Amino acid sequence: MAFNVADLFEHAVDAVPDRVAVICGDRRVTYRELDERANRLAHHLASRGVGKGDHVGVYSRNSIEAIETMIATYKLRAISVSVNFRYTADEVRYIVDNADLVALIHERRYSDIVADVMPHTPKLSDVVVVEDGSGLDYRRYDGVDYDAAIDAQSAARDFGERSPDDLYVLYTGGTTGFPKGVMWRHEDVWRALGGGINHVTGDYVRDEWELADQAGRSPVGIVMAPLSPLIHGAAQWAAFIGLNSGGTIVFLPQFDADEVWRLVEKHKVNAFTVVGDAMAKPLLDAYLAGDYDASSVWSISSHAALFSHSLKQQYVELFPNVFITDVIGSSESGGTGLGVVTKDSDHSQGPRVKFNAQTALIDDDGKLVAPKPGAVGRMARTGHVPIGYYKDPAKTETIFVEIDGKRFVVPGDYARYEDDGTVTLLGRGSECINTGGEKVFPEEVEGALRSHPDVFDALVIGIEDARFGQAVAALIQLRPGLDLDPARLDAHVRTKVAGYKAPRAYWIVDEMMRQPSGKANYPAAKKYAADHADHARPAR
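Given the structure is predicted, the values throughout are model-derived calculations rather than measurements.

Re helix H15 (residues 486–493)
Okay, so step 1: Within H15, burial applies to Pro486, Leu489, Asp490, His492 and Val493. Down the axis of H15, the buried side of the element spans an arc of 160°, and every buried residue falls inside it.
Okay, so step 2: Looking at the buried residues of H15, the elements they touch are helix H14 (442–450), strand E26 (455–465), strand E27 (469–478), strand E28 (505–508) and strand E29 (537–538).

Some thoughts on the pairing of strand E17 (residues 359–362)
Okay, so step 1: Burial along E17 is two-sided: Thr359 and Leu361 facing one way and Ala360 and Ile362 facing the other are all buried.
Okay, so step 2: Here E17 pairs with strand E18 (residues 376–381) via four bridges, running antiparallel. Looking at the pairing, Thr359 lines up with Arg381 of E18.

Looking at helix H16 (residues 522–531)
Okay, so step 1: If you check which residues of H16 are buried, you get Tyr522, Ala525 and Ala529. What you see down the axis of H16 is that its buried residues fit within an arc of 60°, all on one side. With respect to the buried face of H16, the exposed residues turned more than 90 degrees away are Lys527 and Ala530.
Okay, so step 2: Packing partners of the buried residues in H16 comprise H14, E26, E27 and E28.
Okay, so step 3: Backbone nitrogen of Ala524 and a side-chain oxygen of the N-cap are separated by 3.2 Å at the start of H16; the cap is Asn521.

Description of the packing of aromatic side chains
Okay, so step 1: Evaluation of the coordinates by the stated rule reveals 15 aromatic pairs.
Okay, so step 2: Three or more aromatic residues link up through ring pairs in this structure, and these residues are Trp261, Phe272, Tyr287, Tyr315 and Phe319.
Okay, so step 3: The ring of Tyr389 has Lys180 sitting right over it, with the charged end atom 5.6 Å from the ring centre.
Okay, so step 4: Sitting over the ring of Phe3, Arg191 keeps its end group 4.5 Å from the ring centre.

Regarding the nonpolar core
Okay, so step 1: If you look at the biggest cluster of nonpolar residues, it comprises 63 residues, and the most contacted ones within it are Val22, Tyr31, Leu34, Ile67, Phe240, Leu243 and Phe251.
Okay, so step 2: Counting residues per element, this core draws most heavily on helix H3 (residues 64–75), which supplies seven residues.
Okay, so step 3: For Ile67, the contacting residues outside a window of four places in its chain are Val22, Leu34, Ala239, Phe240, Leu243 and Phe251.
Okay, so step 4: Of all hydrophobic cores here, the second largest spans 32 residues; its members include Ala280, Tyr287, Tyr292 and Ala294.

Topic: the side chain of Asp7
Okay, so step 1: Among the structural elements, Asp7 can be located in helix H1 (residues 5–15).
Okay, so step 2: Given the relative accessible area of 12%, Asp7 is considered buried.
Okay, so step 3: In this structure the side chain of Asp7 is engaged in a polar contact, spanning 2.4 Å, whose partner is the side chain of Arg162.
Okay, so step 4: Discounting chain neighbours no more than four positions away, the residues touching Asp7 are Ala2, Arg162 and Glu208.

So, the packing of helix H11 (residues 276–289) against helix H12 (residues 309–318)
Okay, so step 1: Close contact between H11 and H12 brings their axes to 11 Å; oriented N to C, the two are set at 40°. With respect to H12, the element H11 is oriented oblique. Between H11 and H12 lies a crossing of left-handed hand. The segment H11 lies against H12, with Asp277, Ala280, Lys281, Leu283, Leu284, Tyr287 and Leu288 engaging Leu311, Gln314, Tyr315 and Leu318.
Okay, so step 2: Across the contact of H11 with H12, the residue classes tally to eight nonpolar, one polar and two charged.

The rules behind the values
- Residues numbered from 1 in each chain as written.
- Predicted model: local features only at pLDDT ≥ 70, side-chain atom pairs only at ≥ 80, totals over all residues.
- Heavy atoms only, no water.
- Buried < 20%, exposed > 50% of the residue type's maximum accessible area, 1.4 Å probe, protein only.
- Helix = DSSP H or I, 4+ residues; strand = E, 2+ residues; numbered from the N terminus.
- Arc of directions from axis to C-beta.
- Contact = heavy atoms within 4.5 Å.
- Pairing = 2+ DSSP bridges.
- Polar contact = N/O pair within 3.5 Å; in protein donor to acceptor, adjacent residues only side chain to side chain.
- Phe/Tyr/Trp six-rings, centres within 6.5 Å; stacked < 30°, edge-to-face > 60°.
- Lys NZ or Arg CZ within 6 Å of the ring centre and 35° of its normal.
- Core = buried A, V, L, I, M, F, W, Y, C linked by side-chain atoms within 4.5 Å.
- Axes fitted to C-alpha atoms, helices over the stretch in contact; angles between N-to-C directions.
- Parallel < 35°, antiparallel > 145°, perpendicular 65-115°, else oblique.
- Left-handed = near helix turned anticlockwise from the far one by under 90°.
- Nonpolar A, V, L, I, M, F, W, Y, C, P; charged D, E, K, R; others polar.

In structure tokens form, the structure reads like this:
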């Protein structure tokens, strides 16, 4: 039995070949067309020597070609590596080199960066270019046109047998250092992130044909819109969950709040995923300012970044019949907890979720923490977990540990057990602020800040303090047309968290420092604070 991403997709193709698989802009492809195009690309890559275990880069915004490339590589038992399209040339060079890319599929708009990178990455020998109308020159490094490459190849599905042990690699966002490639077995990542386990019921998908069989019996499939970039694991697996189940995936090349609601109305989208407040806030503002029909939506899910309490409550009020969830996890751990957002839920001091059966907290000595109210520890998950980091055995040993005879992944996020059986996410331990011996977790304070009606976004950092070593500070993005009243905001925060956790200084920014996925960019926030030290506004 091969729980392999390519096999699962092909079963769906066989079950619903004429159903629309992907929509992007004015283009749409059926399952049969998507499969045949991916087959043609796989044959092109194979003709250039790409095979089992080779790494192929995808350097693109959300597009049909991006998802085709991922499927094509998995058909060959090769490995797809997403390259952040906002990276500078030096950052792209790092990924190409660190990931040992032998081929790259990129949008034409990135040709100048690829031309800069190619002379320094000798393993990268083949480049395929997706036309986007930008007109940049890719012939200087012998790039070939995507459509020409696939048109010259067979559409036959004539590949060899695959394995659940084939590798999937997801590069982290690099928020706490250089990006690292997290290696998963196909079956493990599918179980952890791709719908192979129902994280509400805990039930396992029985065999590799179950999802496709269900799709074949249903006259229509779910219409799903992953709104974050495909460089982000949450978007990739939202797409594959839909595709493996016979659904229709609606892509936006880049996030635009008003365009999202237009697509929801046009394509009758049933479910969409966001990355915390970074997407959920502009979406809400656009919905309130416009006149959109969102009656088709029955599920909204937030992943990978803080979804603040006040915003959740606004969504519940506006969409009372929509199932709204808040999922926490990481590239290393997959989904570790699920929070169902209800009208009476209170997540004002951080995301509060239910742990699944394979998740626990461990203390700094590497022992399991008893699930008692108030107990704090690092989140850890066992069961279907990654193999480790690509080319980094030392880091692998620190993150993947054995506890009581079981292998756990411990990415570094701290959480606290609550008296109602839920768990509150406190934040990444590496970003923990030590102020006078007291630990302050940024995400807890960020939740309190974002619950203020004037605050659009917030990041909390530690700054040097002569008396306490570190002091809590915050970068604030206000709602348009407003000004900060530090004393009023300070008073509000102190109703949500202990006084020592309240920021002592604020910086007002026009746009918050975030990764393309929506995750916090703490190094950039700290640099901004250091560069603009004279512009800090005291809390009182």
